[in-house]
Amino acid sequence: MASDWKECTLAELGEIVGGATPSTKDEQNYGGDIAWITPKDLSTLKGRFISHGERNITEKGLHSCSTQIMPKNTVLFSSRAPIGYVAIASNPVCTNQGFKSIIANEDNDPMFLYYLLKFNKSAIEAMGSGTTFKEVSGNTMRGIRVHVPVSKAEQQRIASVLAALDSKIESNIKVNDNLAA
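What comes next concerns the included structure. Worth saying up front: this structure is predicted, and the values here are computed from it rather than measured. (Residues numbered from 1 in each chain as written. Predicted model: local features only at pLDDT ≥ 70, side-chain atom pairs only at ≥ 80, totals over all residues. Heavy atoms only, no water.)

## Details of the overall build of the protein
Heads up, the rule is: Put simply, DSSP marks the helices as runs of H or I at least four residues long and the strands as runs of E at least two long, and each gets a number from the N terminus on. Each radius of gyration reported is based on C-alpha atoms, and the globular scaling rule is 2.2 Å times the count of residues to the power 0.38. In this scheme, a residue with accessible area under 20% of its type's maximum is buried, one over 50% is exposed, and one in between is partly exposed, where area comes from a 1.4 Å probe on protein chains only. Only heavy atoms enter the contact rule, under which two residues are in contact if any of them lie within 4.5 Å. Here the Shrake-Rupley method, with its probe set to 1.4 Å, supplies the accessible areas, and only the displayed protein chains count as covering residues. Lys and Arg are tallied as positive, Asp and Glu as negative. Neither His nor the chain termini are counted. For this purpose, a charge sits on NZ of Lys, CZ of Arg, CG of Asp or CD of Glu.
Along the protein, the regular secondary structure elements total 6 helices and 10 strands. What you see for the protein is a C-alpha radius of gyration of 17 Å, in line with the 16 Å of a compact globule of 181 residues. In terms of its C-alpha atoms, the protein occupies a principal-axis envelope of roughly 55 × 45 × 35 Å. Taken over 181 residues, the protein has a buried fraction of 43%. The contacts of the protein with a sequence gap of at least 6 include a subset with a gap of at least 24, amounting to 72%. For the protein, the exposed area adds up to about 9700 Å²; of that, 53% sits on carbon and sulfur atoms. For the protein, the distance from the average position of its 19 positive side-chain charges to the average position of its 19 negative side-chain charges is 4 Å.

Right, here's the structure in full:
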């Protein structure tokens, strides 16, 4: 069964959201119960989902900067240092400025977007600019052109095949880690 695909921008698939870092000089910004993710947290992630990072922030920290709480199933994409770590939020989270995350609109499947970003990592990385380290801006991210199935059901079908493989890999990693321990 052939499905219809369309070319569109990432901005047409969902809202692209950046993050921010509360001042580290004010210790009252940290140690709360708001999950705050940095690219470093994704560097050691062994699966597709993340619930929290090394540090949480407080309400004070949240309101002290431009980070915002994004809903469960937001697709997190590190946009600098390095470009291309991808994860799905398993609960509401916020991020530092090293992300351009996508909150999928209702016509698109977050798991499909996860695989779409993984597939396009090298192309997105090539669009990065900067002298000290490469970074992908929000405008660049919003304008990235991709091909996606028109039907959300077709996106879900494709994502479920890929997810089944990743679930098996993640299960094998856990077994290996347990054997190593």
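## Section: the nonpolar core
Just so we agree on the cut-off: Each nonpolar core is a collection of buried residues, namely Ala, Val, Leu, Ile, Met, Phe, Trp, Tyr and Cys, held together in the definition by side-chain atoms within 4.5 Å.
Core analysis: the biggest nonpolar cluster contains 26 residues, and Leu10, Leu13, Leu116, Leu117, Ile124, Met141 and Val146 have the highest contact counts within it. If you list the elements that add at least two residues to this core, you get strand S6 (75–79), strand S7 (83–89), helix H3 (110–119), strand S10 (145–149) and helix H6 (152–180). The dominant element in this core, judged by the number of residues it contributes, is H3, at 7 residues. Core analysis: the second largest hydrophobic core is formed by 12 residues, Val17, Leu42, Leu76 and Ala89 among them.

## A few points about the sheet that holds strand S8 (residues 94–95)
Picture the strands of a sheet paired through backbone hydrogen bonds; they go either parallel or antiparallel. Note the cut-off: For two strands to be treated as a pair, DSSP must find no fewer than two bridges joining them.
Sheet architecture is open: 3 strands sit in the order S5-S3-S8, paired in mixed fashion. Across the chains shown, the open sheet's two edge strands, defined by having one partner strand only, are strand S5 (55–57) and S8. For strand S3 (residues 30–37) and S5, the ladder comprises 4 bridges, and the chain directions are antiparallel. Residue pairing across strands places Ala35 opposite Asn56, the latter belonging to S5.

## Focus on H3
Counting buried residues in H3 gives 8 out of 10 residues, a clear majority hidden from the surface. Of the residues making up H3, those classed as buried are Pro110, Met111, Phe112, Leu113, Tyr114, Tyr115, Leu116 and Leu117.

## Focus on the packing of aromatic side chains
Each aromatic ring pair is specified by the distance between its two centres and by the angle formed by the two planes. Applicable threshold: Note on aromatic pairs: the rings of Phe, Tyr and Trp (six-membered ring only in Trp) are paired at centre separations within 6.5 Å, and the planes decide the class, stacked below 30 degrees, edge-to-face beyond 60, tilted for the rest. Placement of a charge over a ring requires the Lys NZ or Arg CZ to be within 6 Å of the ring centre, with the centre-to-atom vector within 35 degrees of the ring normal.
Following the criterion strictly, the structure yields 2 aromatic pairs and no others. The interplanar angle of 75 degrees and the centroid separation of 5.7 Å between the aromatic rings of Tyr30 and Trp36 together place this pair among those described as edge-to-face. The exposure class of Tyr30 is buried, given its relative accessible area of 12%. Trp36 sits in the buried class, given a relative accessible area of 4%. For Arg55, the ring lying beneath its charged end belongs to Tyr30, and the centroid distance is 3.9 Å.

That is the geometry; function is a separate question.
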